[in-house]
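# Secondary and tertiary structure notes
Given next are the chains, with one letter for each unit.
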Amino acid sequence: KAGVTQTPRYLIKTRGQQVTLSCSPISGHRSVSWYQQTPGQGLQFLFEYFSETQRNKGNFPGRFSGRQFSNSRSEMNVSTLELGDSALYLCASSFDPGAGYEQYFGPGTRLTVT
Amino acid sequence: KQEVTQIPAALSVPEGENLVLNCSFTDSAIYNLQWFRQDPGKGLTSLLLIQSSQREQTSGRLNASLDKSSGRSTLYIAASQPGDSATYLCAAVNRDDKIIFGKGTRLHILP
(Lines give C-alpha, C1' and ligand atoms only; values in the text may rest on other atoms or scores of the structure.)
Protein backbone atom coordinates (compact mmCIF):
# COMPACT_ATOMS: atom_id res chain seq x y z
CA LYS A 1 0.00 0.00 0.00
CA ALA A 2 1.47 3.35 -0.99
CA GLY A 3 2.14 5.83 1.78
CA VAL A 4 1.15 9.45 2.05
CA THR A 5 2.60 11.49 -0.79
CA GLN A 6 3.20 15.22 -0.85
CA THR A 7 4.06 17.42 -3.78
CA PRO A 8 6.18 19.28 -4.40
CA ARG A 9 8.91 18.21 -2.00
CA TYR A 10 10.76 21.52 -2.18
CA LEU A 11 9.56 24.98 -3.06
CA ILE A 12 11.10 28.44 -3.10
CA LYS A 13 8.78 31.43 -3.22
CA THR A 14 9.10 35.17 -2.84
CA ARG A 15 7.46 37.22 -0.12
CA GLY A 16 3.95 38.27 -1.14
CA GLN A 17 3.36 35.33 -3.48
CA GLN A 18 0.96 32.51 -2.82
CA VAL A 19 1.59 28.78 -2.80
CA THR A 20 -0.44 25.58 -3.05
CA LEU A 21 0.74 22.31 -1.57
CA SER A 22 -0.78 18.93 -2.33
CA CYS A 23 -1.26 15.79 -0.25
CA SER A 24 -2.49 12.37 -1.35
CA PRO A 25 -3.52 10.19 1.59
CA ILE A 26 -3.15 6.45 1.94
CA SER A 27 -5.80 4.69 -0.11
CA GLY A 28 -8.97 4.35 1.96
CA HIS A 29 -8.04 7.04 4.45
CA ARG A 30 -10.66 9.76 4.70
CA SER A 31 -9.04 12.25 7.05
CA VAL A 32 -6.16 14.55 6.18
CA SER A 33 -4.43 16.87 8.63
CA TRP A 34 -1.83 19.53 7.94
CA TYR A 35 1.03 20.64 10.17
CA GLN A 36 3.71 23.31 10.08
CA GLN A 37 7.14 22.54 11.52
CA THR A 38 9.71 25.25 12.24
CA PRO A 39 12.83 25.22 14.42
CA GLY A 40 11.41 27.91 16.68
CA GLN A 41 7.81 26.82 17.15
CA GLY A 42 8.17 23.11 16.55
CA LEU A 43 5.31 21.16 15.04
CA GLN A 44 1.96 22.94 15.03
CA PHE A 45 -1.45 21.76 13.86
CA LEU A 46 -2.93 23.75 10.97
CA PHE A 47 -6.22 22.05 10.12
CA GLU A 48 -7.96 18.75 9.51
CA TYR A 49 -10.28 17.78 6.69
CA PHE A 50 -12.74 14.91 6.66
CA SER A 51 -15.34 14.18 4.00
CA GLU A 52 -14.42 17.40 2.18
CA THR A 53 -15.18 19.51 5.27
CA GLN A 54 -12.81 21.29 7.61
CA ARG A 55 -13.30 19.48 10.87
CA ASN A 56 -10.77 21.20 13.11
CA LYS A 57 -8.49 24.19 12.91
CA GLY A 58 -5.38 25.40 14.68
CA ASN A 59 -4.40 28.96 15.55
CA PHE A 60 -3.15 30.24 12.23
CA PRO A 61 -4.17 33.37 10.32
CA GLY A 62 -6.69 33.26 7.50
CA ARG A 63 -3.86 33.35 4.95
CA PHE A 64 -3.65 29.62 5.55
CA SER A 65 -6.48 27.67 3.98
CA GLY A 66 -7.15 24.24 2.66
CA ARG A 67 -9.62 21.99 0.98
CA GLN A 68 -10.30 18.33 0.41
CA PHE A 69 -11.58 16.68 -2.71
CA SER A 70 -14.01 13.80 -3.08
CA ASN A 71 -11.11 11.36 -3.51
CA SER A 72 -9.73 12.55 -0.13
CA ARG A 73 -6.76 14.30 -1.69
CA SER A 74 -6.12 17.62 -0.01
CA GLU A 75 -4.48 20.92 -0.83
CA MET A 76 -3.38 23.73 1.40
CA ASN A 77 -2.85 27.26 0.25
CA VAL A 78 -0.88 30.07 1.79
CA SER A 79 -1.50 33.54 0.41
CA THR A 80 0.65 36.65 0.76
CA LEU A 81 3.66 34.70 1.89
CA GLU A 82 5.82 36.04 4.70
CA LEU A 83 9.39 35.13 5.58
CA GLY A 84 8.10 33.40 8.71
CA ASP A 85 6.11 30.96 6.60
CA SER A 86 9.34 29.18 5.70
CA ALA A 87 8.86 25.75 7.18
CA LEU A 88 8.39 22.06 6.60
CA TYR A 89 4.72 21.41 5.91
CA LEU A 90 3.58 17.93 6.78
CA CYS A 91 0.33 16.23 6.02
CA ALA A 92 -0.97 13.12 7.72
CA SER A 93 -3.83 10.79 6.92
CA SER A 94 -5.97 8.45 8.95
CA PHE A 95 -9.03 6.33 8.32
CA ASP A 96 -11.05 7.94 11.09
CA PRO A 97 -11.14 11.64 11.88
CA GLY A 98 -9.59 13.18 14.94
CA ALA A 99 -6.14 13.56 16.42
CA GLY A 100 -6.75 10.60 18.73
CA TYR A 101 -6.26 8.05 15.99
CA GLU A 102 -2.96 6.86 14.58
CA GLN A 103 -1.86 9.15 11.78
CA TYR A 104 0.46 8.36 8.90
CA PHE A 105 2.69 11.21 7.85
CA GLY A 106 4.03 12.15 4.46
CA PRO A 107 7.65 13.26 3.89
CA GLY A 108 6.68 16.92 3.87
CA THR A 109 7.10 19.92 1.60
CA ARG A 110 10.00 22.21 2.44
CA LEU A 111 8.91 25.78 1.70
CA THR A 112 11.46 28.56 1.64
CA VAL A 113 10.24 32.15 1.39
CA THR A 114 12.81 34.73 0.30
CA LYS B 1 -3.56 25.99 27.52
CA GLN B 2 -1.75 22.71 27.02
CA GLU B 3 2.03 22.87 26.87
CA VAL B 4 4.25 19.88 26.14
CA THR B 5 7.91 19.89 27.13
CA GLN B 6 10.66 17.45 26.29
CA ILE B 7 13.93 17.42 28.19
CA PRO B 8 16.70 17.06 27.21
CA ALA B 9 16.66 18.62 23.77
CA ALA B 10 19.53 16.37 22.70
CA LEU B 11 21.08 13.18 24.02
CA SER B 12 24.05 11.02 23.02
CA VAL B 13 24.50 7.53 24.42
CA PRO B 14 26.74 4.56 23.54
CA GLU B 15 25.22 1.71 21.59
CA GLY B 16 23.68 -1.01 23.72
CA GLU B 17 22.58 1.21 26.58
CA ASN B 18 19.01 1.45 27.80
CA LEU B 19 17.67 5.00 27.83
CA VAL B 20 14.67 7.04 28.86
CA LEU B 21 13.20 10.05 27.08
CA ASN B 22 10.97 12.38 29.06
CA CYS B 23 7.82 14.25 28.16
CA SER B 24 5.76 16.48 30.44
CA PHE B 25 2.40 18.14 29.83
CA THR B 26 0.57 20.82 31.79
CA ASP B 27 -3.08 19.79 31.36
CA SER B 28 -3.78 16.27 32.60
CA ALA B 29 -7.21 16.13 30.91
CA ILE B 30 -5.80 14.49 27.81
CA TYR B 31 -7.45 12.05 25.44
CA ASN B 32 -4.21 10.24 24.68
CA LEU B 33 -0.44 10.66 24.50
CA GLN B 34 1.54 9.75 21.40
CA TRP B 35 5.21 9.18 20.66
CA PHE B 36 6.67 9.72 17.21
CA ARG B 37 10.02 9.35 15.56
CA GLN B 38 11.32 11.76 12.91
CA ASP B 39 14.37 11.10 10.77
CA PRO B 40 16.21 14.09 9.27
CA GLY B 41 14.24 15.77 6.48
CA LYS B 42 11.40 13.28 6.74
CA GLY B 43 7.92 12.99 8.13
CA LEU B 44 6.90 11.45 11.42
CA THR B 45 6.46 7.77 12.18
CA SER B 46 4.02 6.84 14.92
CA LEU B 47 5.68 4.68 17.58
CA LEU B 48 3.23 4.29 20.44
CA LEU B 49 -0.17 5.65 21.41
CA ILE B 50 -1.32 5.51 25.02
CA GLN B 51 -4.98 6.10 25.76
CA SER B 52 -5.75 8.20 28.84
CA SER B 53 -7.08 5.10 30.61
CA GLN B 54 -3.86 3.16 30.05
CA ARG B 55 -0.61 3.27 32.00
CA GLU B 56 1.76 1.94 29.35
CA GLN B 57 2.21 0.55 25.87
CA THR B 58 4.96 -1.65 24.47
CA SER B 59 6.25 -2.30 21.00
CA GLY B 60 9.41 -4.36 20.60
CA ARG B 61 12.26 -2.59 22.39
CA LEU B 62 10.08 0.44 23.10
CA ASN B 63 7.96 1.01 26.17
CA ALA B 64 5.98 4.15 26.87
CA SER B 65 4.40 4.97 30.19
CA LEU B 66 1.80 7.56 31.12
CA ASP B 67 1.20 9.18 34.50
CA LYS B 68 -1.58 11.72 34.09
CA SER B 69 -1.55 12.80 37.74
CA SER B 70 2.02 14.05 37.43
CA GLY B 71 1.67 15.13 33.80
CA ARG B 72 4.47 12.87 32.60
CA SER B 73 5.20 10.27 29.99
CA THR B 74 8.43 8.41 29.39
CA LEU B 75 9.70 6.48 26.40
CA TYR B 76 12.05 3.66 27.33
CA ILE B 77 14.35 2.29 24.62
CA ALA B 78 16.09 -0.96 25.45
CA ALA B 79 19.44 -2.04 24.03
CA SER B 80 19.85 1.05 21.85
CA GLN B 81 21.18 0.68 18.30
CA PRO B 82 22.66 3.22 15.86
CA GLY B 83 19.45 2.92 13.83
CA ASP B 84 17.56 4.43 16.76
CA SER B 85 19.25 7.77 16.10
CA ALA B 86 16.46 10.24 15.28
CA THR B 87 14.36 12.95 16.87
CA TYR B 88 11.65 11.65 19.16
CA LEU B 89 8.52 13.76 19.66
CA CYS B 90 5.71 13.31 22.09
CA ALA B 91 2.28 14.80 21.57
CA ALA B 92 -0.72 15.22 23.83
CA VAL B 93 -4.19 15.03 22.32
CA ASN B 94 -6.64 17.15 24.26
CA ARG B 95 -10.33 16.55 24.79
CA ASP B 96 -11.06 19.23 22.18
CA ASP B 97 -9.29 16.99 19.68
CA LYS B 98 -6.32 19.33 19.33
CA ILE B 99 -2.87 17.77 19.26
CA ILE B 100 0.03 19.59 20.92
CA PHE B 101 3.60 18.49 20.17
CA GLY B 102 6.74 18.85 22.21
CA LYS B 103 9.83 20.14 20.44
CA GLY B 104 11.49 16.75 20.57
CA THR B 105 14.61 15.09 21.86
CA ARG B 106 17.36 14.59 19.29
CA LEU B 107 18.90 11.19 20.06
CA HIS B 108 22.31 10.08 18.81
CA ILE B 109 23.45 6.53 19.44
CA LEU B 110 27.23 6.23 19.32
CA PRO B 111 28.51 3.06 17.57
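Attention here is on the structure that accompanies the text.

### Quick look at the sheet that holds strand β7 (residues 64-68) of chain A
Residues and elements named next belong to chain A. With antiparallel pairing, four strands are arranged side by side in an open sheet as β1-β3-β8-β7. With partners counted over all chains shown, the strands left at the sheet margins are β1 (5-7) and β7, one partner each. Neighbouring strand axes in the sheet, compared pairwise and without regard to direction, differ in orientation by 20° on average. As defined by bridge partners, β7 adjoins strand β8 (residues 74-78) across five bridges and the pair is classed as antiparallel. Counted as the bridge partner of S65 is N77 from β8.

### Description of the environment of S53(B)
Residue and element names in this part refer to chain B. On the secondary structure map, S53 appears in the loop between β5 (44-51) and β6 (56-59). What makes S53 exposed here is its relative accessible area of 69%. For S53 and K68, which are 15 residues apart along the polypeptide, the C-alpha to C-alpha distance reads 9.3 Å.

### Regarding the sheet that holds strand β8 (residues 72-77) of chain B
All names here are of chain B. The five strands lie next to each other as β1-β3-β8-β7-β6, forming an open sheet whose pairing is antiparallel. Of all strands in the sheet, those with a lone pairing partner are β1 (4-7) and β6, marking the two edges. Recorded for the sheet is a direction-independent mean angle of 15° between the axes of neighbouring strands.

### Some points on the interface of chain B and chain A
The interface is formed by 18 residues belonging to chain B together with 23 residues belonging to chain A. Together chain B and chain A conceal approximately 1,500 Å² of surface at their shared face, both sides included; 51% is due to carbon and sulfur atoms. Here chain B is connected to chain A by one salt bridge. Here D97(B) makes a salt bridge to R55(A), at a shortest N to O gap of 2.5 Å. Put simply, chain B and chain A have five residue pairs in polar contact (both at pLDDT 80 or more) between them. Of all elements in the fold, only β4 (30-38), β5 and β10 (99-101) of chain B reach the threshold of two or more residues within the side of chain B that touches chain A. With five residues, the single largest contributor to the side of chain B that touches chain A is β4(B).

### Some points on the layout of surface pockets
As a volume, the largest pocket reaches approximately 590 Å³. A breakdown of the residues in the lining of the largest pocket according to their chemical character gives seven nonpolar, eleven polar and five charged. Space inside the second largest pocket adds up to approximately 470 Å³. Every residue lining the second largest pocket is counted, 23 residues in all, and those nearest its centre are Q37(A), Q38(B), T87(B), K103(B) and R106(B). Only β4 (31-38) and β5 (42-50) of chain A together with β9 (86-94) and β11 (105-110) of chain B provide two or more residues apiece to the lining of the second largest pocket. Counted by class, the lining of the second largest pocket contains eight nonpolar, ten polar and five charged residues.

### Description of the environment of S94(A)
Residue and element names in this part refer to chain A. As for its position among the elements, S94 is in strand β9 (residues 87-94). Along the chain, S94 and V4 lie 90 residues apart, while their C-alpha atoms are 10.0 Å from each other. Setting aside its immediate chain neighbours within four residues, S94 contacts H29, R30, S31, E102 and Q103. One polar contact links the side chain of S94 to the main-chain carbonyl oxygen of D96, over a distance of 2.6 Å.

### A short note on the nonpolar core
Core analysis: the largest hydrophobic core is formed by 23 residues, its most contacted members being L33(B), W35(B), L75(B), I77(B) and Y88(B). Elements represented by at least two residues in this core include exactly β3 (19-25), β4, β5, β7 (62-67), β8, β9 and β11 of chain B. Contact partners of Y88(B), with chain neighbours within four places excluded, come to Q6(B), L21(B), F36(B), R37(B), L47(B), L75(B), I77(B), G104(B), T105(B) and L107(B). Counting residues in hydrophobic clusters, the runner-up holds 21 residues, among them V4(A), L11(A), V32(A) and V113(A).

The rules behind each value
- Residues numbered from 1 in each chain as written.
- Chains lettered and ligands numbered in written order.
- Predicted model: local features only at pLDDT ≥ 70, side-chain atom pairs only at ≥ 80, totals over all residues.
- Heavy atoms only, no water.
- Pairing = 2+ DSSP bridges.
- Helix = DSSP H or I, 4+ residues; strand = E, 2+ residues; numbered from the N terminus.
- Axes fitted to C-alpha atoms, helices over the stretch in contact; angles between N-to-C directions.
- Buried < 20%, exposed > 50% of the residue type's maximum accessible area, 1.4 Å probe, protein only.
- Contact = heavy atoms within 4.5 Å.
- Buried area = accessible area lost by both parts, 1.4 Å probe.
- Salt bridge = Lys/Arg side-chain N within 4 Å of Asp/Glu carboxyl O.
- Polar contact = N/O pair within 3.5 Å; in protein donor to acceptor, adjacent residues only side chain to side chain.
- 1 Å grid on protein atoms, 1.4 Å probe; cavity = no way out; pocket = protein on both sides within 12 Å on 5 of 7 lines; lining within 4 Å.
- Points joined across faces, edges and corners; volume = space filled by probe spheres on them.
- Nonpolar A, V, L, I, M, F, W, Y, C, P; charged D, E, K, R; others polar.
- Core = buried A, V, L, I, M, F, W, Y, C linked by side-chain atoms within 4.5 Å.

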